[in-house]
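So you can see what is in the structure, the chains are spelled out below.
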Amino acid sequence: MGGVKRAIIKMATFTGSMAPVLVLWLAMSLSGTWAVDKGNFKTCDQSAFCKRQRALKPGDSPYRALLETMELTNTRLTLQLINDNNKVRLLLELYRLQGNITRVKINELKPLKPRFEVPDVLIREPSTEPLSLLSQDENGVVLSLGAESQRVIISARPFRLDIMEGPEVLMSLNSRGLLAFEHLRMRKDTFSYKVTSTVASVWDNIKRLFSSQAEPEGEKKEDADPANQTEKDEEDKVDGMWEETFKSHSDSKPNGPSAISLDFSLPGVEHVYGIPEHADTLRLKTTDNGDPYRLYNLDVFQYELYNPMALYGAVPVMLAHKAQRTTGIFWLNAAETWVDISSNTAGKTVFGKMLDYVQGSSETPQTDVRWISESGIIDVFIMLGPTPKDVFSQYASLTGTQSFPPLAAVGYHQCRWNYNDQEDVASVDAGFDEHDIPYDYIWLDIEHTDGKRYFTWDPHKFASPKEMLQALEDKKRKMVAIVDPHIKVDSNYKIHNEIRNKGFYVKNKDGGDYEGWCWPGSAGYPDFTRADMRDWWASMFAYDQYEGTMENLYTWNDMNEPSVFNGPEVTMHKDAVHGAWEHRDLHNLYGLYVQMATAEGQIQRSGGVERPFVLTRAIFAGSQRYGAVWTGDNAAEWDHLKVSIPMCLSLGLVGISFCGADVGGFFKAPSTELLVRWYQTGAYQPFFRAHAHLDTPRREPWLFGPENTALIRDAVRQRYTLLPYWYQQFYHAYRTGEPIMRPLWVEYPQDPATFALDDEFLIGKDLLVHPVTEEGARGVTAYLPGKDQVWFDVHTFQKHNGAQSLYIPVTMSSIPVFQRGGSVIPRKMRVRRSSSCMMHDPYTLYVALNLQRTAEGELYMDDGHTFNYEKKEFIYRKLSFAKNMLSSVNLAPDAQFSTVSWIERIVILGASKPSKVTLKTADGQESQLEFDFDASMSVLTLRKPGMNAGLDWTVMLQ
C-alpha cells in the first residue's frame, strides 16, 4: 500500500490544525485519474548527474594507469589512475575472491573528505585468493586469476581492464571510455575556497622562489592543483552541480558533484537480466532511445508497465547469459543509480540477422552496460560463473541467501486495507471455514492502529487484540499487522518521545529532526542506518513493549523507501542527514535496514527461538536475508497479472526468492475471470497473498458465486497439497541461493528458445507452470524444454515430449502445470484449514519417470517454525527410482528429528505394470503392496504402503 492519492481518504480523518491544509494540498496536487503521474518523478534529463554523465559519449578515456605506482601483495593489486584532463588521481584496487569472483574498487586517491562505502550488505569481508603477475611492460600488466587460462589484462593508456579465459574476452571495463569520477572539491564562490586558494597561491610562489631546480614537466602537471580553470569553466557551464531544483523542491548539494560511472562490455551476449525492481520484461531492453533503467527506491502510485522507471526496490545486480556462459555484475552502491544498456544486435530483425549470416558478417553480438551513480565509490563484483547456478552461489557468498521462513508463511495470506474491526476479522476467518478454503495469515493494514501510531491498536475497533489473536491461534492461524517507519509527531505518543529523546530521528540539513508528511500527518523518520536505533526498534517488538501482541502476530513494513508525501519524488530530501552521511549516499539502503531491524525484533522477542516473518516493500541487495517482498501497488488489470511473472523472476535471479504480487490487483475491481486467473497464478508464486485497496468492493473468495468460489478453492488447495515441495524449495534456496521461481534458461542454459521466455516458469527444477493470463483464453502455448526430456501434465498425467511448443486447450478451471520426467515430488493430499493443521499428515509421492526410467527427488521436514534446523533437527531424504526400485535414503545422517507422518500413496507416472510390488522397511521386514495400474495412461498407484516418512525403505517392482 502506498502512493499519495490514497492519502486524501486516510488523512481526511486527521485532527489538528494542519490536516485541512494537507488534504487541500493533496487534492490540488493529484489528478483524479488512477495512474502514475510521471511528472512527480525525474527523467534522466531532470536528474542533473545523470544528464551530465550521459552527455559523455564513448571514445578515448581521459584516464590512464600509472604503472609505476602498482603494488601487488598476496591479496590485492593497487594502482593509481590519473585523469589527464584535470590531473586528479584515483586509486584502483583489484581483488581475486574465492569462488571465481573479481572485485574492482575505484576511489579518489586523496578525497577532500571520505566518500560513502556501503556497509551491512556483504555478510562478511570476502575471502581473497592470490593474484600473480604473468607479464608487464610499458603498455600494461597481465595477472593470473588462478585458473590457468583465466587472466586480467590492465592496459595503461587509456586505462582499460579485460577479463579473459583462454582466447575469449569475458568482460571489459572502460573499453568505451565512460569511466567518470567527479572528485570532491570546494565550491569556488565560497569564502573558504577563496581563503584556501589564496594561501595555496602564496605558498606556491614561496616554493617556486626557493626551488633549486625545475621539476620534470610531466610531474609538475600531474601534481598541479586539480581545482584549475578548466574545472571552474565546467562548473559555470553546467547546472545542478552545487544545487538542483525539481518542481518546488531544492537540493542544496553541500558536497557538490560526486557522480561516478563505468562501462562494461559483454562480448557474445545478447541477453541481460536483473536490476530489479521494474515493471518490465524479464530480458532487459536496450535504452538507447529512452531513459536508462533507474534504481532509486520510490513510492510510485499505480505504476506503469513496460518502462524503466524506478519502483520500490533497487537491487544493483545484473546477469548476462549466453549459451556457453553466465556472468554477473554486482554494483555495490546505494545512491540513486541509472543503468544504460546498448547492443549491436538490438533492433535487428530475424531477417536482418539471417542476412548478416548469409553475407558472412563477422560482427560478434555484444551488449554494453553503463552504470551511473550519484555518489559513493565504484565497488563492483564481477561474478564469472560459468553456469547460472555458479553465479547464484557467487552472489550468495557475498550477500547471503533467502531466509528460511516458517512453513505457515508459505501458505495463503488474506489481506485488505482494511479489515474494519475484530468482528470483521472473526467473520472473514469463519468464512474460510464455511467455504472450506485453507489460509494461514489474516492481515491488518494501517487502520488497526490508534490514529496511525504504529505499535498500538485502535481502542474501539481492536479493543482486545489478544482475544482476537488467541481465537486465531486456536485454529492454528496467524496474523500480520503493519508497522511503517514514519512516526507520528505527537508528544503523547511513547514511540515518538523515545526516538526524539534519544536523538534517533534522521536530521534535516540544518540539524533539526527531519519531518515529512505521511499517513499520520506530520511524521519523523527513525535513522535506521544507526545500529543503536535498530537495536532500540527491535526491542519495541517485545511482548511487554508492543502491547496486545502474541507469538502468532507478525509484521509488514510498508512505505519504507521511505515514502514522504510532500518530499521530492514522494521521498526524503537527499540533503537530509544520517550522522556523517547525506541521505543521497545511502537512500536505497533505508528499506533494507527497516526490515533488518524488524526481523531482529521478532527473533529477539522469542529469545532467538522462532523464525521471523516480515514483508517489505523497499529492498536492496541482501534484503533476501530478512523475509519476503511484494511487487507493490499493482492494479486489477490483465497486464498487471502478466507482469507479476517477470517481476518475480527478476527478483529471484538476484537472490530474492520470497516474492509475490497482490492477488486480484490492489487498485480497481477485478472482473471475476481476472480474479480467478490471478488466484490460479498466485498459487504457483512463492508469496501468495490477496490484497485490495480501501475503495474497492470486498473480494473475499466466496463473494462471486458458488462456481467461482469452487475455482478459487481449488487453486488455493493446489497450493496446500504442494506445501511439502514448496517448503523444500525454500530450504534449498536458503542453502544455495538458487531461485525458487526461476526462468527456464536457468535449467536449460543452452536452449536459446528459453532465453526470453517470461510467461511461464519453473518452481525448483521439477515443476513447469504456464498460468493463463489472457482474458477469454481458450488455450495457451507452453514451451516444454529439454530435447531428451518428458513432461507430465500434473492434472491428467498425460505425457509430452520436451523441446516443443505445446498448445493446451483451457477452461476456467485450468492451471497448466507439468512435472519433469525424472523427478519425485512429495504432496500432502489431505488439505485442512491451515498448514499447521497438516503438519503430521501423510505424504503422497508422485514419481515421474524419464526416458531412462529413473527419477529422483527429496523430502525435507522440520518443526516448521523454529531455528532448530540450524542445530541439525530435521529430516532430509533422497528419493530415488532406478532398476524398478524406489528407495528413501538419509541425506543427513548426523541430523536428528522424528516424524509421525507416513507414506500413504505412491503414484508412478510412465510406469509398466508389475506382477507384484514388495516393500522392504529399515528393520528388514518385507510385505506385499496393493496396486492399481491404468494402462491407458501408464500410471501405477501403490496404495497405503504405510512406512514412516523419516526412515529408510525400498519398494521393489517385479
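Residues numbered from 1 in each chain as written. Predicted model: local features only at pLDDT ≥ 70, side-chain atom pairs only at ≥ 80, totals over all residues. Heavy atoms only, no water.

Trainee: Hey, could you go over the overall build of the protein for me, with residue numbers and the actual values?
Mentor: Each helix and strand counted, the protein has 19 helices and 54 strands in total. With the model as given, the accessible surface of the protein reaches about 35700 Å², and the carbon-plus-sulfur share is 50%. (Helix = DSSP H or I, 4+ residues; strand = E, 2+ residues; numbered from the N terminus. Areas by Shrake-Rupley, 256 points an atom, 1.4 Å probe, with all protein chains shown as cover.)

Trainee: Hey, could you go over the environment of His-573 for me, with residue numbers and the actual values?
Mentor: Mapped onto the elements of the fold, His-573 is located in the loop between strand 28 (553-557) and strand 29 (577-578). Classification of His-573 by relative accessible area gives partly exposed; the value is 23%. In contact with His-573, not counting residues within four places along its chain, are His-249, Ser-250, Tyr-514, Gly-567, Pro-568 and His-583. (Buried < 20%, exposed > 50% of the residue type's maximum accessible area, 1.4 Å probe, protein only. Contact = heavy atoms within 4.5 Å.)

Trainee: So what about the sheet that holds strand 41 (residues 799-801)? Which residues, and what values?
Mentor: Think of a sheet as strands paired side by side through backbone hydrogen bonds, with each pair either parallel or antiparallel. Pairing is antiparallel across the open sheet formed by six strands, whose spatial order is 36-37-38-43-40-41. Single-partner strands in this sheet number two, and they are strand 36 (741-742) and strand 41. The pairing of strand 37 (residues 761-763) with strand 38 (residues 767-769) spans three bridges and is antiparallel. Residue Ile-763 lies in a different strand from strand 38, and its bridge partner there is Leu-767. (Pairing = 2+ DSSP bridges.)

Trainee: Let's hear about the confidence of the model for the protein: which residues, and what values?
Mentor: Averaged over every residue, the pLDDT of the protein is 93; the share at 70 or more is 90%. In the model, residues 3-33 has pLDDT below 50 throughout and makes 61 contacts with residues more than four positions away in sequence or in other chains. Confidence drops under a pLDDT of 50 for residues 212-224, and excluding neighbours within four residues, the segment shows eight contacts in the predicted structure. (pLDDT = per-residue confidence, 0-100.)

Trainee: Help me get a handle on helix 18 (residues 723-736), residues and values and all.
Mentor: Between its first and last C-alpha atoms helix 18 spans 20 Å; for 14 residues at 1.5 Å apiece the expected length is 20 Å, and the two agree. Among the residues making up helix 18, those that are buried are Leu-723, Pro-724, Tyr-725, Trp-726, Tyr-727, Gln-728, Gln-729, Phe-730, Tyr-731 and Ala-733. Of the residues trailing helix 18, Gly-737 is marked for its positive phi of about 85°. (Expected span 1.5 Å × (residues − 1).)

Trainee: Outline unusual backbone geometry, supporting the account with residue identities and numerical values.
Mentor: Glu-277 follows Pro-276 through a cis peptide bond whose omega is 25°. The residue Glu-569 is not glycine, and still its phi comes out positive at about 55°. At Lys-872, a position not held by glycine, the phi torsion is positive, near 65°. Looking at where Lys-872 falls in the secondary structure, it is placed in the loop between strand 46 (855-861) and strand 47 (875-882). Classification of Lys-872 by relative accessible area gives partly exposed; the value is 37%.

Trainee: So what's going on with the pattern of salt bridges? Which residues, and what values?
Mentor: Counted by the stated rule, this structure contains 59 salt bridges. With a closest N to O distance of 3.7 Å, Lys-642 and Glu-774 form a salt bridge. Of the two residues, Lys-642 sits in helix 15 (residues 638-653) while Glu-774 sits in the loop between strand 38 and strand 39 (779-784), which places them 132 residues apart along the sequence. Of the charged contacts, one joins Asp-662 and Arg-689 as a salt bridge, the two residues approaching to 2.9 Å between their closest N and O atoms. One end of the pair, Asp-662, is in strand 34 (residues 662-663); the other, Arg-689, is in strand 35 (residues 688-690), with 27 residues separating them in the sequence. Arg-689 matches Asp-662 in its accessibility class, with the two residues each being buried. Sharing partners across several salt bridges, the network here consists of Asp-251, Arg-294, Glu-336, Glu-374, Glu-569, Lys-574, Glu-582 and Arg-584. (Salt bridge = Lys/Arg side-chain N within 4 Å of Asp/Glu carboxyl O.)

Trainee: Explain the side chain of Ser-47 to me, using residue names and the numbers behind them.
Mentor: With respect to the helices and strands, the residue Ser-47 is situated in the loop between helix 2 (19-29) and helix 3 (48-54). Apart from the residues within four sequence positions on either side, Ser-47 is in contact with Lys-42, Glu-244, Glu-336 and Trp-338.

Trainee: Can you break down the pairing of strand 54 (residues 953-957) residue by residue, with the values?
Mentor: Among the five residues in strand 54, four count as buried, and that is most of the element. In this sheet, strand 54 lies alongside strand 48 (residues 885-890) in antiparallel orientation, the contact comprising four bridges. Bridge pairing in strand 54 places Leu-886 opposite Val-955.

Trainee: Could you give me a rundown of the pairing of strand 3 (residues 89-97), with the residues and numbers involved?
Mentor: Burial analysis of strand 3 places seven of its nine residues in the buried class, the great majority of the element. Relative to strand 3, strand 2 (residues 77-83) is paired through six bridges, and the arrangement is antiparallel. Following the sheet pairing, Leu-79 is matched in strand 3 by Leu-92. Hairpin connection between strand 2 and strand 3: a loop of five residues separates the two successive antiparallel strands, and Lys-87 in this loop has a positive phi of roughly 70°.

Trainee: Could you give me a rundown of the state of the cysteines, with the residues and numbers involved?
Mentor: Following the criterion strictly, the structure yields two disulfides and no others. Here Cys-44 engages in a disulfide with Cys-50; their sulfurs sit 2.0 Å apart. When the S-S torsion is -100°, as for the bridge of Cys-44 with Cys-50, the disulfide is left-handed. Both residues of the pair, Cys-44 and Cys-50, belong to the buried class. The connectivity of the disulfide-linked cysteines in the protein, indexed sequentially, is 1-2, 3-4. (Disulfide = S-S within 2.5 Å.)

Trainee: Mind laying out the side chain of Ser-342, listing which residues take part and the relevant values?
Mentor: Here Ser-342 lies in strand 19 (residues 337-343). Take Ser-342: its relative accessible area is 12%, and that puts it in the buried class. With near-sequence residues (within four places) excluded, Ser-342 lies in contact with Arg-176, Thr-286, Asp-288, Gln-366, Thr-367 and Asp-368.

Trainee: I'd like a description of the packing of helix 12 (residues 531-539) against helix 14 (residues 590-605), backed by residues and values.
Mentor: It is at 7 Å that the axes of helix 12 and helix 14 come closest, and there the two elements cross at 45°. Judged on the interaxial angle alone, helix 14 and helix 12 are oblique. In this structure, helix 12 crosses over helix 14, and the sense of that crossing is right-handed. For the pair helix 12 and helix 14, the contacting residues are Arg-534, Trp-537, Ala-538 and Ser-539 in the first and Tyr-593, Val-594, Met-596, Ala-597, Thr-598, Glu-600, Gly-601 and Gln-604 in the second. (Axes fitted to C-alpha atoms, helices over the stretch in contact; angles between N-to-C directions. Parallel < 35°, antiparallel > 145°, perpendicular 65-115°, else oblique. Left-handed = near helix turned anticlockwise from the far one by under 90°.)

Trainee: An account of the packing of helix 17 (residues 706-721) against helix 18 is needed here, citing residue identities and associated values.
Mentor: Helix 18 packs onto helix 17 with a crossing angle of 55° between their chain directions and a minimal axis gap of 5 Å. Judged on the interaxial angle alone, helix 18 and helix 17 are oblique. Contact residues: Arg-719, Tyr-720 and Thr-721 in helix 17; Leu-723, Pro-724 and Trp-726 in helix 18. Grouping the constituent residues of the contact of helix 17 with helix 18 by class yields four nonpolar, one polar and one charged. (Nonpolar A, V, L, I, M, F, W, Y, C, P; charged D, E, K, R; others polar.)

Trainee: Kindly report on the environment of Trp-338, identifying the contributing residues and their values.
Mentor: Looking at the secondary structure, you find Trp-338 in strand 19. For the pair Trp-338 and Leu-295, spaced 43 residues apart in sequence, the C-alpha separation works out to 6.0 Å. A polar contact of 2.8 Å, which involves the side chain of Trp-338, links it to the side chain of Glu-336. (Polar contact = N/O pair within 3.5 Å; in protein donor to acceptor, adjacent residues only side chain to side chain.)

Trainee: Explain the packing of aromatic side chains residue by residue, including any values.
Mentor: According to the stated counting rule, one finds 53 aromatic pairs in the structure shown. Ring centres of Phe-404 and Tyr-860 lie 5.9 Å apart, and the angle between their planes is 65°; on these two criteria the pair is classed as edge-to-face. In this pair, Phe-404 sits in the loop between helix 8 (388-399) and strand 22 (412-414) while Tyr-860 sits in strand 46, placing the two residues 456 residues apart along the sequence. Feature note: the residues Phe-404, Tyr-727, Tyr-731, Tyr-734, Tyr-860, Phe-867, Tyr-869, Phe-874 and Tyr-876 constitute an aromatic cluster, connected by ring pairs. Here the guanidinium or amino end of Lys-574 rests over the ring plane of Tyr-296, the centre of that ring lying 5.2 Å away. (Phe/Tyr/Trp six-rings, centres within 6.5 Å; stacked < 30°, edge-to-face > 60°. Lys NZ or Arg CZ within 6 Å of the ring centre and 35° of its normal.)

Trainee: With reference to specific residues and values, describe the environment of Ala-935.
Mentor: Summarising the element assignment, Ala-935 is placed in the loop between strand 52 (931-934) and strand 53 (939-943). Sequence separation between Ala-935 and Ala-911 is 24 residues, and the spatial gap between their C-alpha atoms is 9.0 Å.

Trainee: Go over helix 9 (residues 422-434) with me, naming the residues and quoting the values.
Mentor: The periodicity of an α-helix, 3.6 residues per turn, causes residues three or four positions apart to be oriented the same way. Compared with an ideal rise of 1.5 Å per residue, which puts 13 residues at 18 Å, helix 9 spans 18 Å between its outermost C-alpha atoms and is within 8% of the ideal. Residues of helix 9 that are buried include every one of Gln-422, Asp-424, Val-425, Val-428, Asp-429, Gly-431 and Phe-432, and no others. Residues of helix 9 that are buried sit in contact with strand 22, strand 23 (441-444), helix 10 (465-474) and strand 24 (478-482). For helix 9, the N-terminal capping position is held by Asp-421, with its side-chain oxygen 3.2 Å away from the main-chain nitrogen of Glu-423. Downstream of helix 9 by a residue or two, Asp-436 has a phi angle that is positive, lying close to 60°.

Trainee: Give me the nonpolar core: which residues, what numbers.
Mentor: By size, the foremost hydrophobic cluster in this structure holds 178 residues, and its most contacted members are Phe-330, Trp-537, Leu-589, Phe-613 and Tyr-679. The element contributing the most residues to this core is helix 15, with nine residues. In this structure, Leu-589 is in contact with Phe-116, Val-118, Pro-119, Val-121, Ala-334 and Phe-620, ignoring residues within four places of it in sequence. If you look at the next biggest cluster of nonpolar residues, it comprises 50 residues, including Tyr-63, Val-152, Met-171 and Leu-266. (Core = buried A, V, L, I, M, F, W, Y, C linked by side-chain atoms within 4.5 Å.)

Trainee: Can you lay out the sheet that holds strand 54 for me, pointing to particular residues and giving the numbers?
Mentor: Taken in spatial order, the 11 strands line up as 51-50-54-48-47-46-44-45-49-53-52 in an open sheet, and their pairing is mixed. Across the chains shown, the open sheet's two edge strands, defined by having one partner strand only, are strand 51 (926-928) and strand 52. For this sheet, the mean angle separating the axes of adjacent strands, direction not counted, is 20°. Both strand 50 (residues 917-921) and strand 54 contribute to a ladder of five bridges, which runs antiparallel. The partner of Val-917 across the bridge, within strand 54, is Leu-957.

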